[in-house]
Amino acid sequence: MTDSNDSKRHTRRSFLRKGVVGGSAAAAASALSAPAVLAQAPLVMKMQTSWPASDIWMDFARQYVTRVEEMSGGRLKVDLLPAGAVVGAFQVMDGVSDGVIDAAHSVSAYWYGKHKAASFFGTGPVFGGNASTMLGWFYQGGGKELYDELTQTVLGLNVTGYMGMPMPAQPFGWFKTEVNGIADIQGFKYRTVGLAADLLQSMGMSVAQLPGGEIVPAMERGVIDAFEFNNPSSDSRFGAQDVAKHYYLSSYHQASEAFEFLFNRDFMEDLPPDLQAILRYGVEASATANLALAMKEYSNDLQKLQADAGVTVHRTSKEILNGQIEAWDKVIASLEEDEFNKKVLESQRAWVEKVGYYELMAGADLALAYEHYFPGKLKL
């Protein structure tokens, strides 16, 4: 007996095999005998995000949709939906695997409850590489193979996934008062996700994992009294500045995340090779577009928060940053008790030791140049 989700997957697979998007000679012959409007009908891919409709990350997802639809010449249409339209923000992995939705735009930390290694592909330990370093690991350092092993073999999920835009290091977040040292954050009820929850809980915070759309209401009800989400644009769009006025940039809790693009494996494998390629390489194309838009909007909105909303922007203290690194050491030791976790962490360390050395040795001191041309502004 098959459940309803199996039936949905089989229905979709049967639909694809009929050649609506092209394929075998038999499918082509069938298309020729059908009415012209049916033969030309595009395949619609139902894709849900983990973001509220107003979030800038929906704009990023729309950039992906535009590229996929234009490259497919109209053969593939994407029905893009916000969080909660079909499943909850944290449930998109299950939704895609079960075939309730065909695809999702999310982050891997949102399904870390299934296996903590999920967070390694986003909010993992920071060995000295940035988000671009870790995106390189995913595509050229064995990360994709480990991701597939985790999702498909260890967890038995019916998905395939790819990483997109490498995100700038996330702010430590929003606080009602100044926090200058580790003693200042003790007992704070704080929102974050993924392994960052383990990290900050070990530093004395009480952590709640909430979707972005639930953060401000939780602050207003006193469920949390400090939080981070991701960036000045997302944060300001959901009203972070209305519930806290101290914004701390720079942190090691989530310094190397990337967007996750999830596809139902049956759905993807039943597409013609060219449409599969468009979905895959559309992820790469959107990463460039997303990052350009992020640099524009994140910096604009940071200025608006300071000038218009009375927000004080700080750089997280070295005491807290050093405390985060020391806390990561303890979290890593605990994680490595699991054989798969240890395999992933060893792969990441080897990659960062090699690539991070090159990046840090080759990189110019940009703060020195910035200070020269805009003296006194950084106040580091």
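Cut-off values and rules
- Residues numbered from 1 in each chain as written.
- Predicted model: local features only at pLDDT ≥ 70, side-chain atom pairs only at ≥ 80, totals over all residues.
- Heavy atoms only, no water.
- Helix = DSSP H or I, 4+ residues; strand = E, 2+ residues; numbered from the N terminus.
- Buried < 20%, exposed > 50% of the residue type's maximum accessible area, 1.4 Å probe, protein only.
- Contact = heavy atoms within 4.5 Å.
- Areas by Shrake-Rupley, 256 points an atom, 1.4 Å probe, with all protein chains shown as cover.
- Polar contact = N/O pair within 3.5 Å; in protein donor to acceptor, adjacent residues only side chain to side chain.
- Core = buried A, V, L, I, M, F, W, Y, C linked by side-chain atoms within 4.5 Å.
- Patch = residues over 30% accessible without salt bridge, like charges linked within 9 Å, V, L, I, M, F, W, Y side chains within 5 Å.
- Salt bridge = Lys/Arg side-chain N within 4 Å of Asp/Glu carboxyl O.
- Axes fitted to C-alpha atoms, helices over the stretch in contact; angles between N-to-C directions.
- Parallel < 35°, antiparallel > 145°, perpendicular 65-115°, else oblique.
- Left-handed = near helix turned anticlockwise from the far one by under 90°.
- Nonpolar A, V, L, I, M, F, W, Y, C, P; charged D, E, K, R; others polar.
- Pairing = 2+ DSSP bridges.
- pLDDT = per-residue confidence, 0-100.
- Phe/Tyr/Trp six-rings, centres within 6.5 Å; stacked < 30°, edge-to-face > 60°.
- Lys NZ or Arg CZ within 6 Å of the ring centre and 35° of its normal.

The helix and strand inventory of the protein chain stands at 15 helices and 11 strands. Split into buried and exposed, the 380 residues of the protein chain put 52% on the buried side. Here the analysis covers contacts within the protein chain between residues at least 6 apart in sequence; of these, 76% occur between residues at least 24 apart. In the form shown here, the protein chain has an accessible surface area of approximately 17,000 Å², with 53% of it arising from carbon and sulfur atoms.

This brings us to the side chain of Asp198. Within the secondary structure layout, Asp198 lies in helix H8 (residues 195–202). By relative accessible area, Asp198 is classed as buried at 18%. A polar atom in the side chain of Asp198 sits 2.6 Å from the side chain of Tyr112. Reaching out from Asp198, the side chain makes a polar contact with the side chain of Lys116 at a distance of 2.6 Å. Not counting the four nearest positions on each side in its chain, Asp198 is found in contact with Tyr112, Lys116 and Val331.

Another aspect to go through is the nonpolar core. Counting 54 residues, the largest nonpolar core has Met45, Trp57, Phe227, Phe259, Phe263 and Leu279 as its most contacted members. Taken together, the elements giving at least two residues each to this core come down to strand S1 (43–49), helix H4 (56–71), strand S2 (76–81), strand S4 (159–166), helix H9 (215–221), strand S10 (258–264), helix H11 (265–269) and helix H12 (273–308). Element by element, the count of residues in this core is highest for H12, at nine residues. Ignoring sequence-local partners within four residues, the contact set of Leu279 consists of Met45, Tyr64, Val68, Leu76, Phe263, Phe267, Met268 and Leu271. Ranked by size, the runner-up nonpolar core spans 51 residues in total, among them Val87, Tyr147, Phe172 and Val355.

Moving on, we come to a nonpolar patch on the surface. Nonpolar side chains collect at one region of the surface, where Tyr370, Tyr373, Phe374 and Leu378 lie side by side and expose about 420 Å² of accessible area between them. Here Leu378 shows up in the segment after helix H15 (366–373).

A few words now on the packing of helix H6 (residues 131–140) against helix H14 (residues 339–362). Look at H6 against H14: their axes get within 10 Å of each other, and the N-to-C directions meet at 125 degrees. It follows from the interaxial angle that H6 and H14 lie oblique. Of the two elements, H6 crosses H14, and the hand of that crossing is right-handed. Within the contact between the two elements, H6 uses Thr133, Met134, Gly136, Trp137 and Gln140 and H14 uses Val344, Ser347, Gln348, Trp351, Val352, Val355 and Glu359. Looking at the contact of H6 with H14, its residues break down into six nonpolar, five polar and one charged.

Turning next to the sheet that holds S1. Spatially, five strands are ordered S2-S1-S3-S10-S4 in an open sheet, and the strand pairing comes out mixed. Pairing within the sheet leaves two strands with one partner each, and these edge strands are S2 and S4. Within the sheet, the average angular offset between the axes of one strand and its neighbour, ignoring direction, is 25 degrees. Across three bridges, the pairing between S1 and strand S3 (residues 103–106) is parallel. Paired with Thr49 across the bridge in S3 is His105. Sheet strands touched by H6: S4 and S10. Its angle to S4, the strand with the most contacts, is close to 150 degrees.

Across the protein chain, the average pLDDT comes to 90, with 89% of residues at or above 70. In this model residues 1–5 is a low-confidence stretch, pLDDT under 50, and it forms four contacts with partners more than four residues away in sequence or in other chains.

The strands that make up a sheet pair up through hydrogen bonds in the backbone, lying either parallel or antiparallel. Spatial ordering of the open sheet is given by S7-S6-S8-S5-S9-S11, a layout of six strands whose pairing is mixed. At either margin of the open sheet sits one strand with a lone partner, and together these are strand S7 (206–208) and strand S11 (312–315). Bridge analysis of strand S5 (residues 173–175) against strand S9 (residues 246–249) gives three bridges, and the strand direction is antiparallel. Counted as the bridge partner of Phe175 is His246 from S9. This element, H12, spans S5, S9 and S11 of the sheet and lies at about 150 degrees to S9.

Enumeration according to the criterion identifies 26 aromatic pairs in this entry. Measuring from centroid to centroid gives 4.7 Å for Tyr370 and Phe374, while their planes differ by 45 degrees, and the two rings are tilted. Through a chain of ring-to-ring contacts, the aromatic side chains of Trp51, Trp57, Phe60, Phe90, Tyr110, Trp174, Phe227, Phe229, Phe238, Tyr247, Phe259 and Tyr298 assemble into a single cluster. The positively charged end of Lys144 is found above the aromatic ring belonging to Tyr162, 4.7 Å away from the centroid. The cationic tip of Arg280 hangs over the ring face of Tyr281; the distance from NZ or CZ to the ring centre is 5.3 Å.

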